[in-house]
Amino acid sequence: MKNIFTLYALCLAGLINPLLAQQNLKNPDEFLGYTLGTRFTPHHRVVQYFEYLADNSDKVQIQPYGTTYEHRPLMLAFISSPANLARLESIRQNNLRRAGVLEGRVEPEEPVSLVWLSYNVHGNEAVSTEASMAVLHALVEAEDDNIEEWLQNVVVIIDPAVNPDGRDRYVNWYNAVVGEQHNVLPEAREHQEPWPGGRANHYLFDLNRDWAWQTQRESRQRMQVYNRWLPHIHADFHEQGVDDPYYFAPAAEPFHQYITEWQREFQTSIGLNNTRYFDEKGWLYFTRERFDLLYPSYGDTYPTFNGAIGMTYEQGGSGRAGLAVLTSQNDTLTLTDRILHHYTTSLSTIETTANNHQEVIRNFESFFRSSSQRPPGKYLSYLIPAQNAPDKRQALREFLNLHQINYAEASAARNFRGWSYADGRESSFRANAGDLVISARQPKAVLVQVLMDPTTQVSDSVTYDITAWSLPYVFGLEAYATAEPIATRAPAENRAYALNINAENPYAYVLPWQSLDDSRFLAELLQQGIKVRYSLEPFTTNGREYGRGSLVVTRAGNQHLGERFDFLVKESARNWERPLQAVGTGFVAQGKDFGSSSIRYINQPKVAVLSGEGVSSLSFGEVWHFFDQQLGYPATILGTNYLDRVQMNKFDVLILPSGSYAGIITNDVHEQLMNWVRSGGKLILMADAVNAFAGREGIGIERKKAASDKEEEGEDNMELRLKTFASSEREAISSYNAGSIYRVTLDPTHPLAFGYEQEYFSLKTGTDSYEYLKGGWNVGTIRSEKAHMSGFVGEQAREKLANTLVFGVEEKGGGEIIYMVDNPLFRAFWHSGKLFFANAVFFVGQ
Ligand SMILES: [Zn+2]
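Residues numbered from 1 in each chain as written. Predicted model: local features only at pLDDT ≥ 70, side-chain atom pairs only at ≥ 80, totals over all residues. Heavy atoms only, no water.

Description of the sheet that holds strand β17 (residues 480-482)
Formally: Two strands pair under a simple rule: DSSP has to find at least two bridges between them. A helix here means a DSSP run of H or I that spans at least four residues, while a strand means a run of E at least two residues long, and both kinds are numbered starting from the N terminus. By definition in these notes, contact holds between two residues if any of their heavy atoms fall within 4.5 Å. In this analysis, axes come from line fits to C-alpha atoms, helices being fitted only over the stretch in contact, and the angle between any two N-to-C directions falls in the range 0 to 180 degrees.
Read across the sheet, 7 strands follow the order β15-β14-β17-β12-β16-β13-β18 without closing on themselves; strand pairing throughout is antiparallel. Each edge of the open sheet carries a strand with a single partner, namely β15 (425-431) and β18 (488-489). Pairing of strand β12 (residues 381-384) with β17, which is carried by 3 bridges, proceeds in the antiparallel orientation. Among the inter-strand pairings, serine 381 is bridged to a residue of β17, identified as threonine 482. Against the sheet, helix α14 (residues 390-402) contacts β12 and β16 (436-439), and its axis sits at roughly 30° relative to β16. Packed onto the sheet, helix α15 (residues 445-452) meets β12 and β16 and runs at close to 55° relative to β12.

What follows is the structure, given as structure tokens:
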């Protein structure tokens, strides 16, 4: 493949001899009208080029797989020999049979390996998509005989832009600020991307943290097609800081312990093939540092846990680099160089796979065979008792379906010994017929154990992401893990939802308050102008017990809606499949009657969320996505640059996401906000926003110790953390908590914790620690060092986090300040925490 460089140079210079080119297809330069690397190409032009080649070559097929939130098309290009493309569906099915996810025997056809190349998951790492066009062209034109041969042995699947919304945000901005001559000085405007930057998607989610959780539209659509293919190799193209050279596999420790010897070896083979080209050209690179393989939601780990060789490629550059930038070594890093490097590793990865395709396929097959017969971890079965709340069980089932993880239900009652997630230790438990069982003996064995294991072994604690994500905690489920098999039968179909209300014109409708779906129902009613109340105390009516927070929708107060009242309430109940009940009287068997002051009227809150420079774009995006996509309730987005001019009396609730607020919450702004709170406003402070207020006048929360205050901020988050690791003082680990699970003791009598029981398992992503409130409600607290359940936490950090506040409410005049030290909306995947947020918005202070 020595002449991939020459090919590339010719391609860039538009000099490919048309006589040599079999089909005389336009190269990217000819098609775009400028030399690749001299401009950033908007997404629609990239799509056009891919479609152009697909229309004019029998070696490419395009398959659209969805659209983004901003309605840009998502697509894959399949590149292989015409013969392979003609039997693409049979190649796909054969591959799934090898993995055991599709029934039937593997057809004895010529084996073909699947190499999936994902470009530009981070939008402002904008070289990637440019490189994808050069790669596509090189494969299709294939002047090099080697490439022709590779395409007999592999199907290359190219996703030219995993995150086109973020990428176009960057590209449109850059193209708007660059002059006729670009400027290489890093201080120049074109190297200083404004908030929120192009890295994340529309809702500012990092799609390279979303593979396992699939909270974002792009991820969900992509994972559907990913699971239809299950590629053997997955390479994810990125960029890092401008001063860093190039990174490729082998990855850094820690490797998740279930990664196989073969997976380790083959990523090394691919890395070594890359070194041949980088050495030949004298390009700098590093391996085995920084980018580890532990957290299961990345573009390298998730494919790895699904049998692939998953790898990250990192070029120096990203949003700071523009068309050309001076590095701190006084070298000029150009987009052309960046393209060439990604182009080279792309082709080199295909080459290594093509030359070893039979071995790759054999090992892919054996990954699934051996792990489904002998799962690598200790626990063989995971049990979710049927008495868990139906919404939570359903949420888990839907999640498992996304991953094509099989589940069944226990067929008989029997006692077992195993791990109790709630107790955090081995104990006896009983499986009852009908309980949900996830067996590790299935094709997705490794993924099952990675996601379900109560704790993850960390061979080396320097990892730059959370170290705990066990699903029972994520979904707030009582669960057990055992090393024994549990006898199962096919899972019962979900009973079809039916609203059973026969009473004509009932006195009121009631609904227990247990999950986010209940709050969606409430959000919908409020927006229709329906008056709703919630109960401060448990009550019994119609022979049923209703817990705190249960919704009471009385006819009284809603008469103005006439007959539409019953229709709207029932329609919303059907919409959200709520077990709504009708009652004929306001007199309750136990508890407080519906006219009592304990049945609180919910004023439809007018919500504002702060965004802009200083606010963590990730944290803001989580809040925005929560209101817009999950809750379905309007929130007005405000900007930090004009916060001091906002008439706050237009709003009832102000949410400050995590962020660094120095310079934003000036003394004047602070005073304005405190006056607004005293006159009835509700201020919700999340994570670092708590830190920004602690110690200020009129604020009751106090740091436990001199907090180190070195928290992340938005886009720079990872880079900041990386710098810490690069200096890698091992002692720093002892005061370190990247993300672990804690048992939080709740006060379930406070409205902030309605719908919860005595305990909640919280994902804690830092070490900020606060004393219990003196003059407020300590709704969620960490009571001791033993409250740590899962994930790595350093010795000192553990000590610091004991006896601290997690969720608290301070009343001030007519309003409240709500402290959320842990962020229940983190990456939108911690399902069990979301009801706190709904409680804070709808209940607290009402
Ligand atoms: Zn990246």
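Considering the packing of aromatic side chains
To be explicit about the condition: Between the rings of Phe, Tyr and Trp (Trp by its six-membered ring), a pair exists once the centres lie within 6.5 Å; its type follows the angle of the planes, with under 30 degrees stacked, over 60 edge-to-face, and the other angles tilted. Here the term buried applies to any residue with accessible area under 20% of the maximum for its type, exposed to any over 50%, and partly exposed to those in between, with areas from a 1.4 Å probe on protein chains only. We count a charge as sitting over a ring when the NZ of a lysine or the CZ of an arginine lies within 6 Å of the ring centre and within 35 degrees of the ring normal.
Overall, the coordinates contain 57 aromatic pairs when judged by the stated rule. Note on tyrosine 246 and phenylalanine 248: the rings are 6.1 Å apart at their centroids and 50° apart in plane angle, and the pair reads as tilted. Each member of the pair, tyrosine 246 together with phenylalanine 248, is buried. In textbook terms, an aromatic cluster arises when at least three aromatic residues are bridged by ring pairs, as seen for Tyr119, Phe237, Tyr246, Phe248, Phe278, Trp283, Tyr285 and Tyr313. Over the face of the ring belonging to tryptophan 211 we find arginine 222, whose NZ or CZ atom lies 4.5 Å from the ring centre. Across the ring face of tyrosine 277, the terminal group of arginine 276 is positioned such that the distance to the ring centre comes to 5.0 Å.

Re the side chain of glutamine 263
We count it as follows: Here a polar contact is taken to be a pair of N or O atoms separated by no more than 3.5 Å, where protein atoms must pair a possible hydrogen donor with a possible acceptor and residues adjacent in sequence count only if both atoms sit in side chains.
With respect to the secondary-structure elements, glutamine 263 resides in helix α10 (residues 261-281). A distance of 2.9 Å separates a polar atom in the side chain of glutamine 263 from the backbone oxygen of threonine 304. Here glutamine 263 is in contact with Tyr258, Thr304, Gly307, Ala308, Ile309 and Phe367, once residues within four sequence places are set aside.

Details of the coordination of the zinc ion
Reference geometry at the metal: tetrahedral coordination by four donors gives ideal angles of 109.5 degrees; octahedral coordination by six donors gives 90 or 180 degrees. Heads up, the condition is: For Na, K and Ca the donor cutoff is 3.2 Å, while for all other metals N, O and S atoms must lie within 2.8 Å; water is not among the atoms, so some sites may look incomplete. Under this scheme a four-donor centre is tetrahedral when all angles range from 85 to 135 degrees, a four-donor centre is square planar and a six-donor centre octahedral when opposite donors are above 155 degrees with the rest from 65 to 115, and any other centre is irregular.
Distances from the zinc ion to its protein donors, namely His122 (ND1), Glu125 (OE), Glu125 (OE) and His238 (ND1), fall within the range 2.0 to 2.4 Å. Of note is the zinc ion, whose 4 donor atoms meet at the metal with angles of 57 to 156° in an arrangement that counts as irregular. For the zinc ion, the donor residues sit on a single chain with the sequence spacing H-x2-E-x112-H. The exposure class assigned to histidine 122 is buried, which follows from its relative accessible area of 2%.

Considerations on unusual backbone geometry
Here the residue pair alanine 249 and proline 250 is connected by a cis peptide bond, since its omega of 5° sits within 30 degrees of zero. If you trace the backbone, proline 250 turns up in the loop between β6 (246-247) and β7 (252-255). Omega for the bond connecting glutamate 253 with proline 254 falls within 30 degrees of zero, at 0°, which places this linkage in the cis form. If you check the backbone angles, serine 318 has positive phi at about 65° while not being a glycine. By the secondary structure assignment, serine 318 is in the loop between β9 (309-316) and β10 (324-326). Classification of serine 318 by relative accessible area gives buried; the value is 9%. If you check the backbone angles, arginine 827 has positive phi at about 55° while not being a glycine. With respect to the secondary-structure elements, arginine 827 resides in the loop between β35 (815-820) and α24 (834-842).

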